Number of protein chains: 2
Amino acid sequence: MTEQSAYGRLETRFARLGALNEAMAVLHWDSSAMMPSGGAEARGEQLAQLSLMAHELLVEPGVADWLSAAETQVDSPDNGLDDWRRANLREMRRAHSHATALPARLVEALRRACHTCEGLWREARPANDYARVKPALQEVLALTREAGQAKAAALGKSLYDALLDQYEPDGNAAAIERLFDELAQDLPNLLGEVLEHQAKQPAAVLPAGPFPVEAQADLARQLMQALGFDFRHGRLDTSAHPFTGGVPEDVRLTTRYDDSDFVSGLMGVVHETGHALYERGLPRAWRRQPVGDARGMSIHESQSLLFEMQACRSRDFVSYLAPLAQSAFAGSGPEWEADNLYRLYTRVQPDFIRVDADEVTYPAHVILRFRLEKALIEERMTLDDLPGAWAEQLEALLGITPPDDRRGCLQDIHWYDGAWGYFPTYTLGAMTAAQLFASACSAHPEIPEQLGRGDFSTLLAWLRRHVHGQGSRFSSEELLVRATGKPLDPKIFEAHLRGRYLADA
Amino acid sequence: MTEQSAYGRLETRFARLGALNEAMAVLHWDSSAMMPSGGAEARGEQLAQLSLMAHELLVEPGVADWLSAAETQVDSPDNGLDDWRRANLREMRRAHSHATALPARLVEALRRACHTCEGLWREARPANDYARVKPALQEVLALTREAGQAKAAALGKSLYDALLDQYEPDGNAAAIERLFDELAQDLPNLLGEVLEHQAKQPAAVLPAGPFPVEAQADLARQLMQALGFDFRHGRLDTSAHPFTGGVPEDVRLTTRYDDSDFVSGLMGVVHETGHALYERGLPRAWRRQPVGDARGMSIHESQSLLFEMQACRSRDFVSYLAPLAQSAFAGSGPEWEADNLYRLYTRVQPDFIRVDADEVTYPAHVILRFRLEKALIEERMTLDDLPGAWAEQLEALLGITPPDDRRGCLQDIHWYDGAWGYFPTYTLGAMTAAQLFASACSAHPEIPEQLGRGDFSTLLAWLRRHVHGQGSRFSSEELLVRATGKPLDPKIFEAHLRGRYLADA
């Protein structure tokens, strides 16, 4: 076996692993969008076996040998690897390190602890009973720390960075801390200015429903097509929790409809469409190879937020949307005018719940969670201190205090389900979206006017070239530098907020 | 490793294989019922990899060792196997023999030949051009014979029986020949009597549409529930070719709707529901083990035909159905009365197309195909002789001659797609259905009257106990003997036809 063939064997192995992951993605989509309740147990067994087989494909001793052999040969003048293959090998090594870092016992213990804790959380949240779930959360946290330590050793990273790496490859907590500290310093003042400015504008009026679900779905499909979604390569269905699944050639979006309010649901579809367009635009030549996958959660979120926040909440796009919405629901009156719809889509209101937060206050929710989870993981804080620390941080960042834990530390599933190190990707995504959109518009100043006609072709082509088509070839930071000329800069995000929220509507 | 642990290892291996097969079943359903066209290529790759992995799980050398070890130990007084485990081991051996009989080269050659031939057939059929597809069909036939010979050697069976075993385990062509010869002798006379009798009855009138698809789907769901289908464990969707897929806890039915005719579509759903109830009733304790699978295609078809032909085309059931249909479509007039609907559902008309045939003429289509495919496989006939032999047999059996090959030997996909040895299971299924239904009604004389009230509980309980819950524990023949007291008897099927088609409606 030559070293080059070691790399070839890795590609074959990862192609199989990729197909297995795709099968699981379709089964996951089906579980949420199609499966009757009685199918859950059998589906669990199917997914457990497939996931075990995927794990085995990675941890087989041969894979470690192939990786070492291929890495030795990377720079060989005879049969070295080109850029894409090097990046692929780097991502193969990352996947292998994550998969082999944890002993089977720990994987199973963590799976069980998360399952138990998530179940308790589903009861504790509506009951506003943090004490009830705290012991289970303590167990999840302890096992997460143990897993993080094992991964830190395998990856040569700090504890928190090792957890972060699962969602944001090569993410760096110290760098995130600097970015978030800067935002945290500027946002309270900005929020004050925005609220003051908003108070002088006319109030936004919510059009009165009901809005039939079929009409909402038709309008959603119309917008998806305008954004560039190709229904020969995907579907839109409904599920309890909207998400984007499936595979690049067949992206499965889901949403949910509220027949008394079409406004937020419609932007939810736009958000998922951003995720879908990213998946669809991944490099075809590298399908089912790690380098062909999406880069990570912050870049993924940047694509959903670029469409939702940057493009589709813009004044230009809302002017295009308003008559379509009015016609879809046969509405009449001033509340259907673009000015009012724009005010609705840019309303700012500090509140307790992250998922309902507007673009200006959202970062505060994320910064708070990042700081708290990092302190918990690094044992600078205990779970007993969590509710108090939560209230204190929210007061400092948004000037409000949660009246109870249900609207405080019980509101999100992430920690209870074992997703530690995930939260920062939301705001990294928002900042990245602002920076990418600014660069796209700078390269193509016609984009805003095109969006006003529902024409996304120039924007999408730019994203295909600079983001989607790059797969996992570069780190998030290098991808951004190549696309925009500089690393992530909070000032660009802040400038976007100032431009949108301090201008007259 | 003790011999008992060899059996245990086999159960573990087949459980994994079962989960993989279930995943493929859901992906197949999705391909037909949900997938946009652009997803086909990726889906093909997913299924190819999963199918290869399933094959590898079976042919790994260790499996042969475990099988031999477990078989040696079957009768051990210390750790021998009970009846279910013995049957499971027998079915494991069968699956292993089929999987290992063919060299990879032949599997691939057959797959390619079938793919090519099926593609040509799709063009040749509408063009009525048998000559165009004949060379490709010759290639499929030659490779099928080669595969059959390899399987015959592995299974210790004759060539045709080895092919039959893929669809009807332990099926025996000589026995089928005797049964079919008996039917072929009696049916022409019976058909004459039926047509004469039918001519004296009032003509059946098709209610005039359109029948909205949503109303058809609602009525179909209502009937499915009456039959015993549990929508917590399954779905009804649409696809170009109706089928039953999914897994026992989550059975996925599909149908198609013709808005100018609800009559045949409705019975199509009933037919698929029969398949679905069988899957749902398979023994829970043996899930993902070969002995827990459906017995074979003739028993499967017996369950669909028991519901479609025996139960739901009965005078009793049609009396229950008529007012439901009338109400579903807001119909009025004598064509909506039970008498007319019953005449529609029992109309007999010799014709050229198998899939449109009624219950009385259907066996002739199958007997013809069985005789011809057996002669072709055994090289007693060539493909050049096929159209002529087809016409001759149809004339002898039904008294009609196909005007062209489109309505002759080009009408069915089976041979062109490599399914040789499949056809007899249709009529074996019809005969088995008659025999099972007669026994159920003899044990529970209240069943017909219950069907008249849409109550299938007694019938379903009998089938659950005697058929569904037995999985693959017995051969088809032993299953039937245990359920009805005797092997397959064509006289029972003929008596059913006489009772239904020679009585006054």
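Up top is the structure these notes are about.
Read on for an overview of the structure. Within every chain, residues take consecutive numbers counted from 1 along the sequence as written. Whichever chain is written first is A, and whichever ligand is written first is 1; the rest continue in order. Restriction of local features to residues with pLDDT of at least 70 applies here, the model being predicted, together with a cutoff of 80 or more for giving and counting side-chain atom pairs; totals for whole chains, interfaces and linings are based on all residues. In computing side-chain values, all of the structure's heavy atoms are included and hydrogens and water are not.

### Quick notes on the pattern of salt bridges
Here the idea is simple: oppositely charged side chains can pair when their charged atoms come close. All names here are of chain A. A pairing counts as a salt bridge when a side-chain nitrogen of Lys or Arg comes within 4 Å of a carboxyl oxygen of Asp or Glu. Scanning the model with the defined rule gives 98 salt bridges over all chains in all. In this structure, the salt-bridge partner of glutamate 22 is arginine 288, at a minimum N-O distance of 3.0 Å. One end of the pair, glutamate 22, is in helix α1 (residues 3-33); the other, arginine 288, is in the loop between α10 (263-280) and α11 (297-311), with 266 residues separating them in the sequence. When a residue's accessible area, from a 1.4 Å probe over protein chains only, is under 20% of the maximum for its type it is buried; when over 50% it is exposed; and in between it is partly exposed. The buried category is assigned to glutamate 22, whose relative accessible area is 6%. On the accessibility criterion, arginine 288 (15% relative accessible area) is buried. For glutamate 379, the salt bridge identified is with arginine 145, shortest N-O distance 3.3 Å. Here glutamate 379 is found in the loop between α14 (362-377) and α15 (386-398), whereas its partner arginine 145 is found in helix α6 (residues 130-155), with 234 residues between them in sequence. Think of it this way: any DSSP run of H or I at least four residues long counts as a helix, any run of E at least two long counts as a strand, and we number them from the N terminus.

### Regarding the relation of the copies chain B and chain A
Mapping chain B onto chain A leaves a residual RMSD of 0.1 Å; the transformation is a rotation of 180° accompanied by 0.0 Å of translation along its axis. Taken together, these values place the two copies in the relation of a two-fold axis. Taken together, the interface assignments show that 100% of the residues at the interface of chain B recur at the interface of chain A, consistent with an identical surface on both copies. Our superposition of the copies is a least-squares fit, built on the C-alpha atoms of residues whose pLDDT is at least 70 in both. In what follows, residue pairs with any heavy atoms lying within 4.5 Å of each other are defined as contacts.

### Examining unusual backbone geometry
At the junction of Gly209(A) and Pro210(A), the peptide bond is cis and its omega measures out at 5° in the coordinates. Its location among the elements puts Pro210(A) in the loop between α8 (173-199) and α9 (213-227). Despite not being glycine, Arg288(A) shows a phi value in the positive range, around 65°. Located in the positive-phi region is Asp170(B), a residue other than glycine, with phi close to 60°. Inspection of the secondary structure assignment puts Asp170(B) in the loop between α7 (159-164) and α8 (173-199).

### Digging into helix α4 (residues 83-101) of chain A
In a helix, the anticipated span is given by 1.5 Å times the number of residues less one. For α4(A), spanning 19 residues, the distance from its first C-alpha to its last is 27 Å, which sits close to the expected 27 Å at 1.5 Å a residue. Listed as buried for α4(A) are Trp84(A), Ala87(A), Asn88(A), Leu89(A), Glu91(A), Met92(A), Arg94(A), His96(A), Ser97(A), His98(A), Ala99(A) and Ala101(A).

### Points about the interface of chain B and chain A
Facing 39 residues of chain B, the contacting portion of chain A comprises 39 residues. In this description, buried area is defined as the sum, over both parts, of the accessible area (probe of 1.4 Å) that is lost when the two are combined. Of the roughly 2900 Å² buried at the junction of chain B and chain A (both faces included), carbon and sulfur atoms supply 58%. Note that Arg16(A) and Glu56(B) form a salt bridge whose closest N and O atoms lie 2.8 Å from each other. We call two N or O atoms a polar contact when they sit within 3.5 Å, provided that within protein one can donate a hydrogen and the other can accept it, with sequence-adjacent residues counted only if both atoms are side-chain atoms. At the boundary of chain B with chain A, the tally comes to 14 residue pairs in polar contact (both at pLDDT 80 or more). Elements with a contribution of two residues or more to the side of chain B that touches chain A: α1 (3-33), α2 (40-59), β1 (234-238) and β3 (250-255) of chain B. Three categories are distinguished: nonpolar for Ala, Val, Leu, Ile, Met, Phe, Trp, Tyr, Cys and Pro, charged for Asp, Glu, Lys and Arg, and polar for the others, with Gly belonging to the last. A breakdown of the residues in the side of chain B that touches chain A according to their chemical character gives 17 nonpolar, seven polar and 15 charged.

### Observations concerning empty space enclosed by the protein
All names here are of chain B. Grid points spaced at 1 Å and placed over the protein atoms alone form the basis of the search, with a cavity being a set where a 1.4 Å probe fits but cannot get out and a pocket an open set showing protein on both sides within 12 Å along at least five of seven lines. Lining residues have an atom within 4 Å of a point. Grid points are joined across faces, edges and corners, and a volume is the space filled by probe spheres set on the points. Enumeration according to the criterion identifies six cavities of 30 Å³ or more in this entry. Looking at the largest cavity, its volume works out to about 60 Å³. Along its surface, the largest cavity is lined by Leu183, Ala184, Leu187, Pro188, Leu191, Val360, Thr361, Ala364, Ile367, Leu397 and Leu398. Elements supplying a minimum of two residues to the lining of the largest cavity: α8, α14 (362-377) and α15 (386-398). With five residues, the single largest contributor to the lining of the largest cavity is α8. Split by residue class, the lining of the largest cavity holds 10 nonpolar, one polar and no charged.

### So, the environment of Leu67(A)
Residue and element names in this part refer to chain A. With respect to the element layout, leucine 67 can be found in helix α3 (residues 61-73). For leucine 67 and leucine 10, which are 57 residues apart along the polypeptide, the C-alpha to C-alpha distance reads 7.5 Å. Sequence-distant contacts of leucine 67, that is, excluding residues within four places in its chain, are made with Leu10, Leu89, Met92, Arg93 and His96.

### A look at the side chain of Gln49(B)
Relative to the assigned elements, Gln49(B) resides in helix α2. The exposure class assigned to Gln49(B) is buried, which follows from its relative accessible area of 13%. With residues up to four places along the chain from it excluded, the contact list for Gln49(B) reads Ala15(A), Arg16(A) and Ala19(A).

### Some thoughts on the sheet that holds strand β2 (residues 244-247) of chain B
Residue and element names in this part refer to chain B. Strand pairing is assigned whenever DSSP identifies at least 2 bridges connecting the two strands. Pairing is mixed in the open sheet, where three strands are placed in the order β1-β3-β2. Looking at the sheet topology across the chains shown, the edges are occupied by β1 and β2. Direction aside, neighbouring strands of the sheet carry axes that sit 20° apart on average. For β1 and β3, the ladder comprises five bridges, and the chain directions are parallel. Axes here refer to lines fitted to C-alpha atoms; in helices the fit is confined to the stretch in contact. Angles between the N-to-C directions go from 0 to 180 degrees.

### A closer look at the side chain of Asp237(A)
All names here are of chain A. Positionally, aspartate 237 belongs in strand β1 (residues 234-238). Residue classification places aspartate 237 among the buried residues on the basis of a relative accessible area of 10%. In this structure the side chain of aspartate 237 is engaged in a polar contact, spanning 2.8 Å, whose partner is the side chain of arginine 235. Not counting the four nearest positions on each side in its chain, aspartate 237 is found in contact with Trp29, Ala33, Met34, Leu253, Thr254 and Thr255.

### Details of the sheet that holds β1(A)
Residue and element names in this part refer to chain A. Spatially, β1-β3-β2 is the arrangement adopted by the three strands of the open sheet, whose pairing is mixed. Each of the sheet's edge strands pairs with one partner strand only, and the pair in question is β1 and β2 (244-247). If you compare each strand with its neighbour and ignore which way they point, the axes differ by 20° on average. Packed onto the sheet, α10 meets β2 and β3 (250-255) and runs at close to 165° relative to β3.

### Considering the packing of aromatic side chains
Aromatic contacts are taken between Phe, Tyr and Trp rings whose centres are within 6.5 Å, Trp giving its six-membered ring; a plane angle under 30 degrees counts as stacked, one over 60 as edge-to-face, and the others as tilted. Summed over all chains, the structure comprises 42 aromatic pairs over all chains. Here Phe262(A) and Trp336(A) contribute two aromatic rings whose centre-to-centre distance is 5.6 Å and whose plane-to-plane angle is 0°, an arrangement assigned as stacked. With a gap of 74 residues between them, Phe262(A) in the loop between β3 and α10 and Trp336(A) in the loop between α12 (315-328) and α13 (338-345) connect regions that are remote in the sequence. Owing to a relative accessible area of 2%, Phe262(A) belongs among the buried residues under this scheme. Both rings, one in Phe307(B) and one in Phe456(B), keep their centres 6.0 Å apart while their planes meet at 20°; by these two values the pair is stacked. With Phe307(B) in helix α11 (residues 297-311) and Phe456(B) in the loop between α17 (447-451) and α18 (457-466), the pair connects residues that are 149 residues apart, well separated along the chain. Each member of the pair, Phe307(B) as well as Phe456(B), is classed as buried. Each member of the aromatic cluster is reached from another via a ring pair, and the members are Tyr167(A), Tyr362(A), Trp390(A), Trp415(A), Trp420(A), Tyr422(A), Phe423(A) and Tyr426(A).

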